[in-house]
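Survey of secondary and tertiary structure
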Amino acid sequence: MPELPEVHGYKTYIDSTSLHQRIIALDCRDSRLLKQSKSYFETQLINHEFKSTHRIGKYLFVETTSEKVLVIHFGMTGRPNYYKSESDRPKFGHIQLSFENGYHFAFENKRKFGWWDLTDSISNFKADHKLSDDARDLSLENFKASVSARKTDIKKIIMDQSVAAGVGNWMADEILYQSRIHPTRRVDQMTSEEIESVFDAMKKVIEVAIENDAHYRDFPEDFLMHFRKEGETCFHTGAEIEKIKVGGRTTYFSPEWQKK
DNA sequence: CGTTATGTTTCACT
DNA sequence: CAGTGAAACATAAC
C-alpha cells in the first residue's frame, strides 16, 4: 500500500528494529527483485550494519557500514517485517536478512513490483531518477516552477515523481478532493490560487496521513478515502462518486464538489 | 474465468 | 524536448 505516508511508517519501523545489527545472511527467493547480483548484495551487506535511513517520496535509502547505500522501493504491495523466528518468515517475504541477534528482516512483496538496489550516493540516485524533493519538504516555489511549464491534467502532474515525490494514486485523488479541483483540469488553465490550494491540500493530506499512521479509517470524516469506491456518495454533496481513468490509473472524484 | 490492484519503466507515436 | 497512451513487469484476491 505504499505511498509517502506508508513508506514514512516503514522507515520508522526499520529505524526502531533493524539498525546497528550485524547482518549475517541474505536469502532471496526471486532474483528479479535485486537490481544487482546477489553476490554483490552479499559483499555490500554481509558483516555490515544498517546505519540510518532516509526517505525521498516512496524510496527508502538505507546507509550501511559498507560504502554502498541500499535503495528500497516497495512497489505496490511491499512492506518490511522484523521477527524473531525463521518460522515466522512471511509468505511473501521474498528477501530476508538475518541479523547476528537471531532476528530476521523480511522484504515482503506480494506482487513483486518492489526491488532493492545499491547506490553510491543518494543525491546521484535522486538526480538519475529525476526525483523532486520529497513532497513533505517541497517548497511552494519549487512546486509552482515544475508545474508552470506543463500543459496536462493536474492529476498526472501531482503524480509525477519529478514534481512531488511521494504522491501516488490514492493521495492524488484525496488531494484533489480536498482542494475541490477536478482531476482532469489542465494545469495551464488553473489560476495561481488554485495551484496553491492543491499544494496546501497536498501538505494537509500528507500530515493527516502520517499522524494517523496511514490508517485510512482514522482519517477525518470528510476524507475521500472513506468513500473512494463505486457506489459510494460524497460527504459534502451526497452525489455518487464517479470513477474514470486518468493517466492510465483509476480515479475517483465527486462531480459537483470538484469543479472542472 | 475475468478483472482489478496504493508503481515504475519503456517505447512508439504525436 | 514535451507529452500521451499502451504495454510490460508478476501475482494474489475478489
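The paragraphs below set out a description of the structure included in this document. Not measured: the values here are computed from a predicted model. (Residues numbered from 1 in each chain as written. Chains lettered and ligands numbered in written order. Predicted model: local features only at pLDDT ≥ 70, side-chain atom pairs only at ≥ 80, totals over all residues. Heavy atoms only, no water.)

1. Points about the environment of F125
- Its location among the elements puts F125 in helix α3 (residues 122-128).
- Measuring from C-alpha to C-alpha, the distance between F125 and S146 comes to 19 Å, with 21 residues separating the pair along the chain.
- Not counting residues up to four positions away in its chain, the partners in contact with F125 are Y59, F61, V71, W115, D117 and T119. (Helix = DSSP H or I, 4+ residues; strand = E, 2+ residues; numbered from the N terminus. Contact = heavy atoms within 4.5 Å.)

2. Here's the deal with the environment of H215
- Structurally, the position occupied by H215 is in the loop between α7 (192-211) and β9 (242-246).
- Residue classification places H215 among the partly exposed residues on the basis of a relative accessible area of 35%.
- Sequence separation of H215 and A172 is 43 residues, and the distance between their C-alpha atoms is 17 Å. (Buried < 20%, exposed > 50% of the residue type's maximum accessible area, 1.4 Å probe, protein only.)

3. Considerations on the sheet that holds strand β1 (residues 23-28)
- What the 4 strands build is an open sheet, ordered β1-β6-β7-β5; its pairing is antiparallel. The open sheet terminates on both sides in strands that have one partner only, identified here as β1 and β5 (78-83). In this sheet, neighbouring strand axes are inclined to one another by 15° on average, regardless of whether the strands run parallel or antiparallel.
- In terms of strand pairing, β5 meets strand β7 (residues 104-109) through 6 bridges, oriented antiparallel. The residue of β7 that forms the bridge with R79 is E108.
- On the sheet, helix α1 (residues 4-17) packs against β5 and β7 and is oriented at approximately 20° with respect to β5.
- Strand contacts of helix α2 (residues 38-45): β1 and β6 (93-99), with the helix running at about 160° to β1, the strand carrying the most contacts. (Pairing = 2+ DSSP bridges. Axes fitted to C-alpha atoms, helices over the stretch in contact; angles between N-to-C directions.)

4. Observations regarding the nonpolar core
- The biggest cluster of nonpolar side chains holds 33 residues, and the ones touching the most others in it are F143, I175, V198 and M202.
- Sorting the residues of this core by element identifies α4 (140-148), α5 (154-159), α6 (169-178) and α7 as the ones contributing at least two each.
- Top element by residues in this core is α7. It accounts for 10 residues.
- Those residues within four positions of I175 in sequence are excluded, and the remaining contacts are I158, V167, V198, A201, M202 and V205.
- Among the nonpolar cores identified, the runner-up in size contains 25 residues, and L19, L26, F41 and Y82 belong to it. (Core = buried A, V, L, I, M, F, W, Y, C linked by side-chain atoms within 4.5 Å.)

5. A word on the packing of aromatic side chains
- Scanning the model with the defined rule gives 19 aromatic pairs in all.
- Measuring from ring centre to ring centre gives 6.3 Å for F50 and F99, while their planes differ by 85°; the resulting arrangement is edge-to-face. Of the two residues, F50 is situated in strand β2 (residues 50-56) and F99 in strand β6; the sequence distance between them amounts to 49 residues.
- Take F50: its relative accessible area is 1%, and that puts it in the buried class. (Phe/Tyr/Trp six-rings, centres within 6.5 Å; stacked < 30°, edge-to-face > 60°.)

6. A closer look at the pattern of salt bridges
- Under the criterion given, the structure shown has 19 salt bridges.
- For R228, the salt bridge identified is with D173, shortest N-O distance 2.9 Å. With a gap of 55 residues between them, R228 in the loop between α7 and β9 and D173 in helix α6 connect regions that are remote in the sequence.
- Note on R228: relative accessible area 18%, which makes it buried.
- A relative accessible area of 1% places D173 in the buried class.
- The network of salt bridges with common partners includes D30, R32 and K112. (Salt bridge = Lys/Arg side-chain N within 4 Å of Asp/Glu carboxyl O.)

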